[in-house]
Amino acid sequence: MSSTVDPPGFQIAATQDLRGSVVPANRVRRSVVFGLATLPMLPVVSGCGGRLADGSSIHSENPGTESAKGASETGQLRHAGALISNADIARIRGHIAAGERPWLDWWNRLGSERAIDLSLGPNPQAGVYRATNAGTMYWDIQRAWCLALRWKLSGDTRYADKAVETLDAWSATLTEVWTRPAGSGAPEDWTGWLLAGMQGHQWAQVGELMRDYEGWAPQRLARFQDMLVRVFAPHSVIWLNDVTEKWLHLEAHANWDLAALCGIMAIGIFCDRHDLYMLAYNYYTANGRGEYRRMFGNGASPHNVYFMHPGHLGQWQESGRDQGHATLGMSLCGALLEMAWNQGDDLYGLHNNRFLAGAEYVARSNLKDAQGNAYAMPFAVQREPNGGAFWTRVNQSFLNYRGCWEPIYNHYVNRMGLAAPNVARMLALCEQNHWSGNGDDMVYPTLTHRRAAYAGPMKAPSGLSVIGVDGRAVLSWWGSAGATSYKVQRGQAAPGPFMEIGEVPAGEATTFTDAPRGGTWFYRVVAVAADRPGAAPASVAARIALPGELRYALALNDGTGTAASGWWVDDAGRRVRLDAPLMGGATWAEGRVGGSKSVAFDGRMSHLQLPAGLFQDLSDFTIAVWVHANVLRYDTCLLFVGQDGIAHMRLVPKGGNFRYSICASGYADERTDALTAKEIASLAA
């Protein structure tokens, strides 16, 4: 987990008086596909599987990112600091002055764009409705953005004056945005939520770019900020708070959340509203700030990637819906993460580059193979969040070439030196799609986001994970920009020596499956570049025990103190102390065995909580728990493992029997299996 994220994690919770201890007893065994286990979940005791390596593990994540504290910690917002920073403007100017492509080409194209025609004027509306006149506002936002870019990159104040004219006209006129005007016969599809988020985000981008223009009168700038806070922001604030506090909108797809998140973050930055920035930050990171009952919708980072397939291919939440909505997720999420980066907060790297996993999956879903056919994609069966049909495959009925890939590619590849082969191919296909007729996307993304190709030393493969599946070791890793292949090595100790066991070409899925004999093994991956014979950086070694091992243990018989103590096995195979706080009124009491102690739960909100992330690298696993239950009701929860009510595993009595349930996209997605009598026998009541 990132040090800036504090999700609720795993809890043993109950609504009745339960006394229990965790022991290595006759185990209840349930097989959970390892993709769902990549969520920041926590186990109670035992399991089999590997660990993330190189700092992208559950305990220290993404160490290679900048160490300076971001706005989420300092409370101070940076300007210009939304999609484009002052450093970005200087960089783009330098490329244009040097006559470098593609920057010069796009600069010239901007110069011939009708949007910067100085004879045109704004067309402000008192009310804008997605069902009727929203296109008028889309055009004026895009005009203002192009004018602002032309001024910023040339210094010609004629374009700044025309941009300010547009901002002032709208701030003096607009009072309402929604789906349809009151009394209209147009259908109400509630997409006013989307308009408020996406267009609020886009207006704020223009304002942030223009905020240091001396010709924009301070009182007019303040009036434009007030319009955003008064007209746009309330819709997005209500949406996000309704999800977290009232558990509403849980049937919505990821884009509904992401539209609100982009709007709130951009408006927060431009209007110096750190509270709005943090609302977006906490929601995207699913950070309940200690309140474990908060819910987060499908746009939050643990939920927008539904399932992790081998090779770090992250099944996007809307991939089974269609590619138009899946690529919109790329557009909105890429913008959100770039804004956070410019504020010093690295959400790109969250959960081992989880968003890149989703981007690589969506990109490949829209590409064709050498025979001109869409790629066959791995897919975990998923139910529509509104309880509709079960999706059984990626919907590739039409491929989408939305121009959304620039921020994603230029961060992960050109800024960080990682490989993103599928995103790279989509970038080339989509570069010419620089406009947004439906108002979803920011325009001229290549001009604003393209960075020079990564020219630093080749990075070692990163984010290496090794998972145990049916007695085999399944490896996944992030590749390196410039690598032509990856050599997979295995050894019996972290320092080596290592033996090469295979090679994977760059451009293919970065995964490898090995079937060694039982025991403890260490794997590492070496990047190879054909044009750099001396460059062969290796990943940090990752450990796995096959066919399994006891990974976590808590006796729960301490008898004193505010936490139960136990141990977990770290990356090097050492047993390290593990503390689980007693929460919500949980106390120590007499155990069932004479003279022993155990944890007593009060039947209301008490529970035992472990650190976040302990389930993150497990596949098949076993949980052993000894429980004495005085009373079991329908709402009793003997075991709860998960992020929140959207993505979790739980053991509950339901319909007179114990049942195991798992979901990753809301209550409608929950799959439930009744336990057999033999399995129930290990639950002593």
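In the block above lies the structure referred to throughout.
Quick caveat, the model's predicted, so the values are computed rather than measured.

Trainee: Looking at this model, I keep getting lost on the overall build of the protein chain. Mind explaining?
Mentor: The helix and strand inventory of the protein chain stands at 16 helices and 28 strands. The burial tally for the protein chain puts 61% of its 685 residues in the buried class. Intrachain contacts of the protein chain at a sequence separation of at least 6 include 71% that bridge at least 24 residues. When the accessible surface of the protein chain is summed, it comes to about 25,000 Å², and 51% of that surface belongs to carbon and sulfur atoms.

Trainee: Even after reading the chapter, I still don't get the environment of Glu406, so can you show me in this structure?
Mentor: Turning to its location among the elements, Glu406 is positioned in helix 13 (residues 406-415). Overall, the relative accessible area of 3% leaves Glu406 in the buried class. Considered as a pair, Glu406 and Ala335 are 71 residues apart in the sequence and their alpha carbons are 9.9 Å apart. Leave out the neighbours within four places in its chain, and Glu406 touches Leu427, Glu431, Pro445, Thr446, His449 and Arg450.

Trainee: In this structure, what is going on with the packing of helix 12 (residues 350-365) against helix 14 (residues 421-430)? I would like to understand it.
Mentor: Two quantities define a packed helix pair, namely the angle between the axes and the distance from one axis to the other. Between helix 12 and helix 14, the shortest axis-to-axis distance is 8 Å and the interhelical angle comes to 50°. Comparing the axis directions of helix 12 and helix 14 gives the class oblique. As for the relative orientation of helix 12 and helix 14, their crossing is left-handed in sense. Where helix 12 abuts helix 14, its residues Ala359, Glu360, Ala363 and Arg364 lie against Pro421, Asn422, Val423 and Met426.

Trainee: Could you clarify how one ought to interpret the packing of aromatic side chains in this entry?
Mentor: Evaluated as defined, the whole model comprises 19 aromatic pairs. Here Trp203 and Phe224 contribute two aromatic rings whose centre-to-centre distance is 5.8 Å and whose plane-to-plane angle is 80°, an arrangement assigned as edge-to-face. Separated by 21 residues along the polypeptide, Trp203 in helix 6 (residues 192-210) and Phe224 in helix 7 (residues 218-246) bring together distant segments of the chain. With a relative accessible area of 0%, Trp203 lands in the buried category. Take Phe224: its relative accessible area is 0%, and that puts it in the buried class. Ring plane angle 25° and centroid distance 6.4 Å describe the contact between Tyr277 and Tyr281, whose orientation is recorded as stacked. Of the two residues, Tyr277 and Tyr281 are both situated in helix 9 (residues 274-284); the distance of four residues between them amounts to about one turn of the helix.

Trainee: I tried to follow unusual backbone geometry on my own but got confused; where do I start?
Mentor: Negative phi characterises most residues that are not glycine, and trans characterises most peptide bonds. For the bond from Arg101 to Pro102, the omega torsion is 10°, close enough to zero to count as cis. Tracing the sequence through the fold places Pro102 in the loop between helix 2 (86-97) and helix 3 (103-111). Of note, the bond from Gly496 into Pro497 is cis; its omega dihedral lies within 30 degrees of zero at 0°. Within the fold, Pro497 resides in the loop between strand 12 (485-491) and strand 13 (498-505). Backbone geometry places His351, a non-glycine residue, at a positive phi of 55°. In this fold, His351 is placed in helix 12. Classification of His351 as buried rests on a relative accessible area of 7%.

Trainee: So what exactly am I meant to see when it comes to helix 6 here?
Mentor: Residues spaced three or four apart along an α-helix point in a common direction, a consequence of the helix completing one turn every 3.6 residues. A rise of 1.5 Å per residue sets the reference length of helix 6, with its 19 residues, at 27 Å; its end C-alpha atoms lie 27 Å apart and thus fit the reference within 8%. Of all 19 residues in helix 6, 19 are buried; the element is thus mostly enclosed.

Trainee: Just to check I follow, could you spell out the sheet that holds strand 15 (residues 519-528) for this structure?
Mentor: With antiparallel pairing, the four strands of this open sheet are ordered in space as 13-12-15-16. Of all strands in the sheet, those with a lone pairing partner are strand 13 and strand 16 (542-546), marking the two edges. This sheet shows a mean twist of 30° between the axes of neighbouring strands, independent of strand direction. In this structure, strand 15 lies alongside strand 16, joined through five bridges in antiparallel fashion. Opposite Phe522, over in strand 16, you have Arg543 as the bridge partner.

Conventions adopted
- Residues numbered from 1 in each chain as written.
- Predicted model: local features only at pLDDT ≥ 70, side-chain atom pairs only at ≥ 80, totals over all residues.
- Heavy atoms only, no water.
- Helix = DSSP H or I, 4+ residues; strand = E, 2+ residues; numbered from the N terminus.
- Buried < 20%, exposed > 50% of the residue type's maximum accessible area, 1.4 Å probe, protein only.
- Contact = heavy atoms within 4.5 Å.
- Areas by Shrake-Rupley, 256 points an atom, 1.4 Å probe, with all protein chains shown as cover.
- Axes fitted to C-alpha atoms, helices over the stretch in contact; angles between N-to-C directions.
- Parallel < 35°, antiparallel > 145°, perpendicular 65-115°, else oblique.
- Left-handed = near helix turned anticlockwise from the far one by under 90°.
- Phe/Tyr/Trp six-rings, centres within 6.5 Å; stacked < 30°, edge-to-face > 60°.
- Expected span 1.5 Å × (residues − 1).
- Pairing = 2+ DSSP bridges.

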